[in-house]
Amino acid sequence: MPNLKDIKRRIRSVKNTQQITKAMKLVAASKLRKAQQAILDARPYAVKMMDVLNHLAARCNGDLHPLLDVRDGNRHLFLIITADKGLCGGFNGSIIRKTAEYLKNNPQNENSLIIAGKKGNDIFRNRPVNIIEDHIGWTKDFNYLKAQTIGENLATLFSEKKVDKVFMIYNEFKSVMAQEVIVEQLLPVVPENLEHKEESFAVDYIYEPDEEAILDELLKRYMTVQVYRAFLESSASEHGARMTAMDSATRNAGEMIGALTLTYNQARQAYITKELIEIVNGAEALKG
Amino acid sequence: MTQKLILSIVTPEKQLVSEEVDQVNVPGTEGDLGILHDHAPILTLLRTGQLSYEKEGETISMVVSGGYLEVTDNRVTVLAETGEFLHEIDRERAERAQAEAEKRLGETDISEEEYIETQKKLFRAIARLENSENN
């Protein structure tokens, strides 16, 4: 027969856990609101910038700028963005899995990593892969300037021909419930609207000071903006994932408490019945 | 009168302005520009300085730093690194930034990159101070 005291203790411990997961859910929800606003505010800039860049790149020669230089080499650099904390479902796991899968499938390449987030670092630190730098604790105080530093660093590595391609792997924020792992080529920059080429040629632009100077400025800023956006996407996704994970944890704890309470009541009833039988039996024995 | 321009000013942090205006004045690297209805398509870099736009007889000003201006089809798009309306400017902070930048520029152990960065900071601080003086 299950011990009453033990069951009671378990119920209490599950209740405590439930309280913690509930609190974490609420915290994640409020952080999510902020992160979601940030990404929604940042998207128009990224989109507008992409437009301008595409207009301009359609009119310029591809090998004008070192960041547009397409090379055949196999030195690939990955910027992977994970969180610093766990307890957010498959958020970190899916990034790590995607990266590990890629590394395994392309052993002929010279791969190297730049890792943001403690969770990613914990995993890849002990693996035979070249880590160029890590950014542990980025989730605490991320801002545009940090993105700029990271972006400029990537651009330097690329234009000094130390790497041939740069990718970013991060979680894109789809909705509160859904994130999607995105592998995005950052460098060389490939302007996408080749089919609109004719159309934009029709517009005669005035350039001040001149196309090259603008392109140079634009590309530098483009790097920063893409990196910035990826980090914001990741941050919103993280809070969304944590909120969902904690919500289901809270629900599971509730179910568990229900089941335990049932067992407790059954055990208590059985105990009472047993005592009653003992008393009745005792009385019968005295009578006889 | 329908001679309007659609102006949108966006910074990486947020979209600041998105509305119909009559005229936009911007600080281009090659000189200030005034943009009216039916302006020719142009793409230009901006320097740190005051940007203003006129809307229904009212002039609204802000300080922007670093970015571009694109005009196509009566749509004016400003992509700026930072942008603040005049009334938002924190003069004390700008003064502090100016003093710090000036001090740093006077030192000898400064690298070329840092020099350029600090100089930009100084310009930004000065632009903020100059333009917010009359409020």
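All values derive from a computational prediction rather than experimental measurement.

## Thoughts on the sheet that holds strand 5 (residues 179–187) of chain A
Residues and elements named next belong to chain A.
Line of reasoning, step 1. Spatial strand order, 3-2-1-4-5: five strands in an open sheet with mixed pairing. Each having just a single partner strand, strand 3 (130–135) and strand 5 make up the two edges of the open sheet. The average angle at which neighbouring strand axes cross in this sheet is 20 degrees, direction not considered.
Line of reasoning, step 2. Pairing geometry for strand 4 (residues 165–173) and strand 5, over eight bridges, is antiparallel. Residue pairing for strand 5: Val166 is matched across the bridge by Leu187.
Line of reasoning, step 3. This element, helix 6 (residues 211–287), spans strand 1 (75–81), strand 2 (110–116), strand 4 and strand 5 of the sheet and lies at about 35 degrees to strand 4.

## Remarks on the domain arrangement of chain B
Buried accessible area, meaning the area lost when the parts come together, often serves as the stated size of an interface.
Residue and element names in this part refer to chain B.
Line of reasoning, step 1. Segmentation of chain B into domains returns domain 1 (5–87) and domain 2 (90–132).
Line of reasoning, step 2. When each unit is reduced to the centre of its C-alpha atoms, the spacing between domain 1 and domain 2 is 24 Å.
Line of reasoning, step 3. At the interface, eight residues of domain 1 touch six residues of domain 2.
Line of reasoning, step 4. In terms of surface lost to domain 2, no three residues of domain 1 exceed Thr48, Val63 and Glu84, which account for 54% of the buried area on that side.
Line of reasoning, step 5. Joining domain 1 to domain 2, the criterion identifies zero salt bridges.
Line of reasoning, step 6. Residue assignment for the side of domain 1 that touches domain 2 shows that the elements contributing at least two residues are strand 6 (49–55), strand 7 (58–72) and strand 8 (75–85).

## Some details on the layout of surface pockets
Residues and elements named next belong to chain A.
Line of reasoning, step 1. Each pocket or cavity is described by its volume, and for the second largest pocket that value is around 570 Å³.
Line of reasoning, step 2. As for the second largest pocket, its lining consists of 19 residues, and the residues nearest its centre are Lys31, Thr139, Lys140, Ser235 and His239.
Line of reasoning, step 3. When contributions to the lining of the second largest pocket are tallied by element, the ones reaching two or more residues are helix 1 (4–59) and helix 6.
Line of reasoning, step 4. Sort the elements by how many residues they give to the lining of the second largest pocket and helix 6 lands first, with seven residues.

## Points about a positive patch on the surface
Line of reasoning, step 1. A contiguous patch of positive charge, built from Lys31, Lys34, Lys85 and Lys140 of chain A, is present on the exposed surface.
Line of reasoning, step 2. Considering the arrangement of structural elements, one finds Lys85 of chain A in the loop between strand 1 and helix 2 (91–105).

## So, the pairing of strand 1 (residues 5–10) of chain B
Residues and elements named next belong to chain B.
Line of reasoning, step 1. Of all six residues making up strand 1, five are buried, and the element is well covered by its neighbours.
Line of reasoning, step 2. Looking at chain direction, strand 1 and strand 2 (residues 15–21) are connected through six bridges and run antiparallel. Looking at strand 2, one finds that Ser8 is bridged to Ser18.
Line of reasoning, step 3. Where strand 1 folds back onto strand 2 in an antiparallel hairpin, the turn is made up of four residues.
Line of reasoning, step 4. Where strand 1 meets strand 8, five bridges bridge the pair, whose relative direction is parallel. By the bridge assignment, Leu7 is partnered in strand 8 with Val76.

## Some details on helix 1 (residues 91–106) of chain B
Residues and elements named next belong to chain B.
Line of reasoning, step 1. Look at helix 1: 23 Å from first C-alpha to last across 16 residues, which is about the 22 Å you get at 1.5 Å a residue.
Line of reasoning, step 2. All of the buried residues along helix 1 are Ala94, Gln98, Ala101 and Leu105. Within helix 1, the buried residues cover an arc of 75 degrees as seen down the axis, which keeps them to one side. Among the exposed residues of helix 1, those pointing more than 90 degrees away from its buried face are Glu92, Glu100, Lys103 and Gly106.

## Considering the packing of helix 4 (residues 144–159) of chain A against helix 6 of chain A
All names here are of chain A.
Line of reasoning, step 1. Running from amino to carboxyl end, helix 4 crosses helix 6 at an angle of 120 degrees, the nearest separation of the two axes being 8 Å. On the basis of the axis angle, helix 4 is oblique to helix 6. When the axes of helix 4 and helix 6 are compared, the crossing they make is right-handed. Every residue of helix 6 that contacts helix 4 at Tyr144, Ala147, Gln148, Ile150, Gly151, Leu154 and Ala155 is listed here: Arg221, Met223, Thr224, Val225, Val227, Tyr228 and Phe231.
Line of reasoning, step 2. Looking at the contact of helix 4 with helix 6, its residues break down into ten nonpolar, three polar and one charged.

## A short note on the nonpolar core
Line of reasoning, step 1. Met49, Leu79, Leu154, Val166, Val227 and Phe231 of chain A are the most contacted members of the largest nonpolar core, which has 59 residues in total.
Line of reasoning, step 2. Among the elements of the structure, helix 1, strand 1, strand 2, helix 4, strand 4, strand 5 and helix 6 of chain A together with strand 5 (42–46) of chain B are those that each provide at least two residues to this core.
Line of reasoning, step 3. For this core, the element with the highest residue contribution is helix 6 of chain A, accounting for 14 residues.
Line of reasoning, step 4. For Phe231 of chain A, the residues in contact, after removing those within four places along its chain, are Leu79, Ile81, Ala116, Trp138, Phe142 and Ile150 of chain A.

## Some thoughts on the environment of Pro12 of chain B
Residue and element names in this part refer to chain B.
Line of reasoning, step 1. The residue Pro12 is located in the loop between strand 1 and strand 2 in this model.
Line of reasoning, step 2. A relative accessible area of 3% places Pro12 in the buried class.
Line of reasoning, step 3. Separated by 90 residues in the primary sequence, Pro12 and Glu102 place their C-alpha atoms 27 Å from one another.

## What to know about the pattern of salt bridges
Side-chain pairs of opposite charge can arise where the charged atoms are in close proximity.
Residues and elements named next belong to chain A.
Line of reasoning, step 1. Tallied over the entire structure, the rule returns 22 salt bridges over all chains.
Line of reasoning, step 2. Between Asp6 and Arg9 there is a salt bridge, and its shortest N-O distance comes to 3.6 Å. Of this pair, Asp6 and Arg9 both sit in helix 1, three residues apart, which is roughly one turn of that helix.
Line of reasoning, step 3. On the basis of relative accessible area, Asp6 is assigned to the partly exposed category, the value being 38%.
Line of reasoning, step 4. Asp122 is the partner of Arg125 in a salt bridge, and the nearest nitrogen-oxygen pair spans 3.8 Å.
Line of reasoning, step 5. What makes Asp122 partly exposed here is its relative accessible area of 28%.

## Quick word on the domain arrangement of chain A
Residues and elements named next belong to chain A.
Line of reasoning, step 1. In terms of domain boundaries, chain A breaks down into domain 1 (4–20 + 246–287) and domain 2 (27–245).
Line of reasoning, step 2. Taken together, the four residues of domain 1 in the interface contact five residues of domain 2.
Line of reasoning, step 3. Across the interface of domain 1 and domain 2, roughly 310 Å² is buried in total on both sides, 49% from carbon and sulfur atoms.
Line of reasoning, step 4. Linking domain 1 with domain 2 are zero salt bridges, by the criterion used here.
Line of reasoning, step 5. Our count for the contact surface shared by domain 1 and domain 2 stands at nine residue pairs in polar contact (both at pLDDT 80 or more).

Criteria and cut-off values
- Residues numbered from 1 in each chain as written.
- Chains lettered and ligands numbered in written order.
- Predicted model: local features only at pLDDT ≥ 70, side-chain atom pairs only at ≥ 80, totals over all residues.
- Heavy atoms only, no water.
- Pairing = 2+ DSSP bridges.
- Helix = DSSP H or I, 4+ residues; strand = E, 2+ residues; numbered from the N terminus.
- Axes fitted to C-alpha atoms, helices over the stretch in contact; angles between N-to-C directions.
- Contact = heavy atoms within 4.5 Å.
- Domains from an automatic or database assignment.
- Buried area = accessible area lost by both parts, 1.4 Å probe.
- Salt bridge = Lys/Arg side-chain N within 4 Å of Asp/Glu carboxyl O.
- 1 Å grid on protein atoms, 1.4 Å probe; cavity = no way out; pocket = protein on both sides within 12 Å on 5 of 7 lines; lining within 4 Å.
- Points joined across faces, edges and corners; volume = space filled by probe spheres on them.
- Patch = residues over 30% accessible without salt bridge, like charges linked within 9 Å, V, L, I, M, F, W, Y side chains within 5 Å.
- Areas by Shrake-Rupley, 256 points an atom, 1.4 Å probe, with all protein chains shown as cover.
- Lys, Arg positive; Asp, Glu negative; His and termini not counted.
- Charge placed at Lys NZ, Arg CZ, Asp CG, Glu CD.
- Buried < 20%, exposed > 50% of the residue type's maximum accessible area, 1.4 Å probe, protein only.
- Expected span 1.5 Å × (residues − 1).
- Arc of directions from axis to C-beta.
- Parallel < 35°, antiparallel > 145°, perpendicular 65-115°, else oblique.
- Left-handed = near helix turned anticlockwise from the far one by under 90°.
- Nonpolar A, V, L, I, M, F, W, Y, C, P; charged D, E, K, R; others polar.
- Core = buried A, V, L, I, M, F, W, Y, C linked by side-chain atoms within 4.5 Å.
- Polar contact = N/O pair within 3.5 Å; in protein donor to acceptor, adjacent residues only side chain to side chain.

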